[in-house]
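What follows is the residue order along each chain.
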Amino acid sequence: MTGGPKVTSYIDHLETLSKKQLMVMLARQHHERTQPVAVIGMGCRLPGGLDDPEELWNALREGRVLPTESAGVPVDSLGRPRWNLAAPDLAPLAPRLRQGAYLTDVDLFDADRFGIGHEEARHMDPQQRLLLEVAAQALADANLSRERLRGREVGVYAVAGPVEYPHAWLRGGIPGDGLSAHMSTGSSPSAFSGRIALSLGLDGPAVTVDTASSSMLTAVHLAVRALRARECDLALVGTCNLLLSPFGTGILDRAGMLSPTGRSRPFTRHADGHVRGEGCGVVVLKRYADAVADGDRPYALVRGSAVRAQGDRPGISVAPARGQKAVIERALHDADVAPEDVQYVEAQANGSRIGGQIEAETLADAYARRSPDAPPLYVGSCKANLGYLETASGAPGLMKTVLALAHAEIPPQPGEDEADPDIPWGRTALRLAAKPRPWPTRGRRRAAVSGFGFCGTLAHVVLESVPERPAAADAGSPGAAGASGSSGAGAGPWPLLLSAHGAEALARTAARLHRHLRHRADWTPAAVCRTLAEGRDHPAVRYAAVVHDRADLLAALERASTAGRGSGFDDVHDVHDVHDVHDVHDVHDVHDVHDVHDVPAHAAEAVRHARRHLAGEAPATDEWWPADGPRPELLRLPGPALVGRRHWPDHHNWI
């Protein structure tokens, strides 16, 4: 054996250990290499106005299908079309360009939120900008403020597809003084990860990935490996796809990949190609043991993954069955999961009929479902709902599967009633869900997601439901809402602390929270107040209220959402109400808390916390909710609102 003095020294050390010590050491090493990784936060911006995980789940569960065949050309914030289809070079592409799953208003970006100047923002690829905003949304969904991230290594694994933003410059011509120093980083794929790390203040590995449609799953694979190797403590994994140049659509149409009817219909008799789509998705990953220790609420767990290319395939864009089966088997081995223990697979299927047939046959083989008597394996593809997001397609597929595991329900597959007769449904245990159905097994739920890159990189990720944990005594649970005790244990008051980078953003944030909470029963004021204090950043523009109950909290949010609709926030003094303490946009407005000694002690303490917030101090949540006492849970609440401003050269609309 070779390896030098270090290896020799290590062997000498091993010889000093007992058999039991060696077994313990090997068991620990095995655990580190195979430990589950939790999905603790998600963010998205998807076609159809699906801008958070809850909206995505509702759309999938309802079986909604976007009208991609008649979408028309997407427009910007001024209502202007992205492409002028009357232009001589675009007119031949018009029929296909009118079909798609598009995002609108991609010219908008909240540069102020990230400390980016107008000139730099104007030259940033909008995919960078969208990834940055959705990454911030995902961190908020995970309740990870900068304070909670302090001292942790956070990996960023961002996907970069085609960068088409500069193409308009080439077509329209760059004026003599039109070059900018920001064009370089603005159009560099490496900036997709670097920009997130810089703008969100994250220390750790920053890696940009491109394996085409398998990119998101490839990035998850790399992030999970890094977390298990303790190269980072958390990881953000995200992808974005925008169709800014019209000519990419013409190229794919020439290649025969696009659906003539403008719809993706995977696994159906009408499958005739795919329709192009746009979107962005980001997930936050953390070692499951750490998530439990930190009191996080994971959606689901990543148990294993694999990435592989089949070298002896007939062409670069071919995903042969042997390669598909091999990557599935490797992922199952990594997860230590038997194939028959998986109940659902979110397939690559994008609308190619022959591709769907090959994939279905492979799934039946790799997952031991060749007999109709085997346990059912449900298959699906959200490309039937949203179109094919190409480089970003792995994000909605992964998020759909994670949400299905969390809800213990398989959403319906559009087109189930017109299933492809050339797929052997009756001779195998493969199934399509006709309607939302409970998960087909009790106990641990398992699922998987496939992604195939058009240059040959295949990826597969195996997921699992989160183990049920016994309900703990929680000061913020609905059952504890009427409990008596200290200010941290059920009976208010509590300090409601809001912050934003601008007055308009704060008003919009309050409005979003009010809309989210007003018709829901699954929250308490204590849990909302702790989440907003501990799980959010606190920039300079601030608002505070002291609330005693749900009605107080909703009323305070409504006031905050309307106070800034004009040129500035109202400054209302001498209102005799101990419940409210306001300060927005440097207006110090304390509502009649002239002498905190005249109010009960716990109310006075809440007022002091509110005043400290207004004075620019960090929330002292450990004082209000001590770690060794009853603490309300951290909720999933909408993140801070963004205020988009137009950062877009006029001729980038290709008119």
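Summary of the structure given here. (Residues numbered from 1 in each chain as written. Predicted model: local features only at pLDDT ≥ 70, side-chain atom pairs only at ≥ 80, totals over all residues. Heavy atoms only, no water.)

## Some points on the overall build of the protein
Here's step 1: In terms of helices and strands, the protein carries 22 helices and 19 strands.
Here's step 2: A total of 655 residues make up the protein; the buried ones form 55% of that total.
Here's step 3: Taking the contacts inside the protein whose residues are at least 6 apart along the sequence as the reference set, 79% of them involve residues at least 24 apart.
Here's step 4: Surface summary for the protein: the accessible area is close to 26,800 Å², and the carbon and sulfur share equals 52%. (Helix = DSSP H or I, 4+ residues; strand = E, 2+ residues; numbered from the N terminus. Buried < 20%, exposed > 50% of the residue type's maximum accessible area, 1.4 Å probe, protein only. Contact = heavy atoms within 4.5 Å. Areas by Shrake-Rupley, 256 points an atom, 1.4 Å probe, with all protein chains shown as cover.)

## Observations concerning the packing of aromatic side chains
Here's step 1: For the structure on display, the rule yields 7 aromatic pairs.
Here's step 2: Their ring planes at 75 degrees and their centres at 5.7 Å tell us that Trp-83 and Tyr-102 sit as a pair that is edge-to-face. Taken together, the positions of Trp-83 in the loop between α3 (53-61) and α4 (94-97) and Tyr-102 in the loop between α4 and β2 (108-109) put the pair 19 residues apart, joining distant regions of the chain.
Here's step 3: A residue is classified by how much of its surface remains accessible, and Trp-83, at 2% relative accessible area, is buried.
Here's step 4: Considering the side-chain rings of Trp-624 and Trp-625, the 6.2 Å spacing of their centres and the 90 degrees angle between planes classify their relative orientation as edge-to-face. The residues Trp-624 and Trp-625 share a single accessibility class, namely buried.
Here's step 5: Over the aromatic face of Trp-83 sits the side chain of Arg-82, whose NZ or CZ is 5.6 Å from the ring centroid.
Here's step 6: One cation-aromatic arrangement involves Arg-550 over Trp-523; the distance from NZ or CZ to the ring centre is 4.0 Å. (Phe/Tyr/Trp six-rings, centres within 6.5 Å; stacked < 30°, edge-to-face > 60°. Lys NZ or Arg CZ within 6 Å of the ring centre and 35° of its normal.)

## A few points about the environment of Val-546
Here's step 1: Mapped onto the secondary structure, Val-546 falls in strand β16 (residues 541-547).
Here's step 2: According to the relative accessible area criterion, Val-546 is buried, its value standing at 2%.
Here's step 3: When the C-alpha atoms of Val-546 and Pro-493 are compared, they prove to be 6.3 Å apart, with 53 residues separating the residues in sequence.

## Here's the deal with the nonpolar core
Here's step 1: Residues Val-237, Val-283, Leu-285 and Leu-398 are the most contacted members of the largest nonpolar core, which totals 52 residues.
Here's step 2: Examining the composition of this core, we find that 8 residues originate from one element, helix α11 (residues 215-228), more than from any other.
Here's step 3: Excluding residues that lie within four positions of it along the chain, Val-237 makes contacts with Tyr-157, Met-216, Ala-219, Val-220, Ala-223, Gly-281, Val-282, Val-283 and Leu-285.
Here's step 4: Counting 45 residues, the second-largest nonpolar core is a separate cluster that includes Phe-114, Ala-138, Val-154 and Leu-236. (Core = buried A, V, L, I, M, F, W, Y, C linked by side-chain atoms within 4.5 Å.)

## Description of helix α17 (residues 394-407)
Here's step 1: Helix length check: α17 (14 residues) gives 20 Å between terminal C-alpha atoms against 20 Å at 1.5 Å per residue, within 8%.
Here's step 2: Buried residues dominate α17, accounting for 12 of its 14 residues.
Here's step 3: Those residues of α17 that sit buried are Gly-394, Ala-395, Pro-396, Gly-397, Leu-398, Met-399, Lys-400, Thr-401, Val-402, Leu-403, Ala-404 and Leu-405.
Here's step 4: Phi turns positive one or two residues past the end of α17, at Ala-408, with a value near 55 degrees. (Expected span 1.5 Å × (residues − 1).)

## Digging into unusual backbone geometry
Here's step 1: Residues other than glycine seldom take positive phi values, yet Ala-212 does so here, at roughly 60 degrees.
Here's step 2: One can find Ala-212 in the loop between β4 (206-209) and α11.
Here's step 3: Backbone geometry at Phe-267 places phi at a positive 65 degrees, although glycine is not the residue there.
Here's step 4: Taking the relative accessible area as the measure of exposure, Phe-267 reaches 3% and is therefore buried.

## Looking at the sheet that holds strand β5 (residues 234-241)
Sheets are built from strands paired through backbone hydrogen bonds, the pairs being either parallel or antiparallel.
Here's step 1: One open sheet holds the 11 strands; their spatial order is β4-β3-β5-β6-β1-β7-β14-β13-β8-β9-β11, and the pairing between them is mixed. Where the open sheet ends on each side, the last strands, each with one partner, are β4 and β11 (430-431).
Here's step 2: As judged from the 8 bridges shared by β5 and strand β6 (residues 279-287), these two strands associate in the antiparallel manner. Paired with Leu-236 across the strands is Val-284, a residue of β6.
Here's step 3: The sheet strands contacting helix α10 (residues 191-199) are β3 (154-159), β4 and β5, and the helix crosses β3 at an angle near 145 degrees. (Pairing = 2+ DSSP bridges. Axes fitted to C-alpha atoms, helices over the stretch in contact; angles between N-to-C directions.)

## A look at the pairing of strand β13 (residues 446-452)
Here's step 1: The element β13 is largely enclosed, with a buried count of 7 among its 7 residues.
Here's step 2: Of the two faces of β13, the one holding Arg-446, Ala-448, Ser-450 and Phe-452 and the one holding Ala-447, Val-449 and Gly-451 are both buried throughout.
Here's step 3: The pairing of strand β8 (residues 344-346) with β13 spans 3 bridges and is parallel. In the strand pairing of β13, Tyr-344 is matched with Ala-447.
Here's step 4: Bridge analysis of β13 against strand β14 (residues 457-464) gives 7 bridges, and the strand direction is antiparallel. Bridge pairing in β14 places Arg-446 opposite Glu-464.

## Observations concerning the environment of Gly-248
Here's step 1: Within the secondary structure, Gly-248 is located in helix α12 (residues 247-254).
Here's step 2: Here Gly-248 falls in the buried class, since its relative accessible area comes to 15%.
Here's step 3: Spatially, the C-alpha atom of Gly-248 lies 9.1 Å from that of Glu-164, the residues being 84 residues apart in sequence.

## Brief notes about the pattern of salt bridges
Here's step 1: Under the defined criterion, the tally for this structure stands at 41 salt bridges.
Here's step 2: Between Asp-141 and Arg-636 there is a salt bridge, and its shortest N-O distance comes to 3.3 Å. Of this pair, Asp-141 sits in helix α6 (residues 126-141) while Arg-636 is found in the loop between α22 (621-624) and β19 (645-646), placing the two residues 495 residues apart along the sequence.
Here's step 3: Note on Asp-141: relative accessible area 9%, which makes it buried.
Here's step 4: Here the salt bridges do not stand alone but share partners, grouping Arg-148, Arg-530, Glu-534, Asp-622 and Arg-631 into one network. (Salt bridge = Lys/Arg side-chain N within 4 Å of Asp/Glu carboxyl O.)

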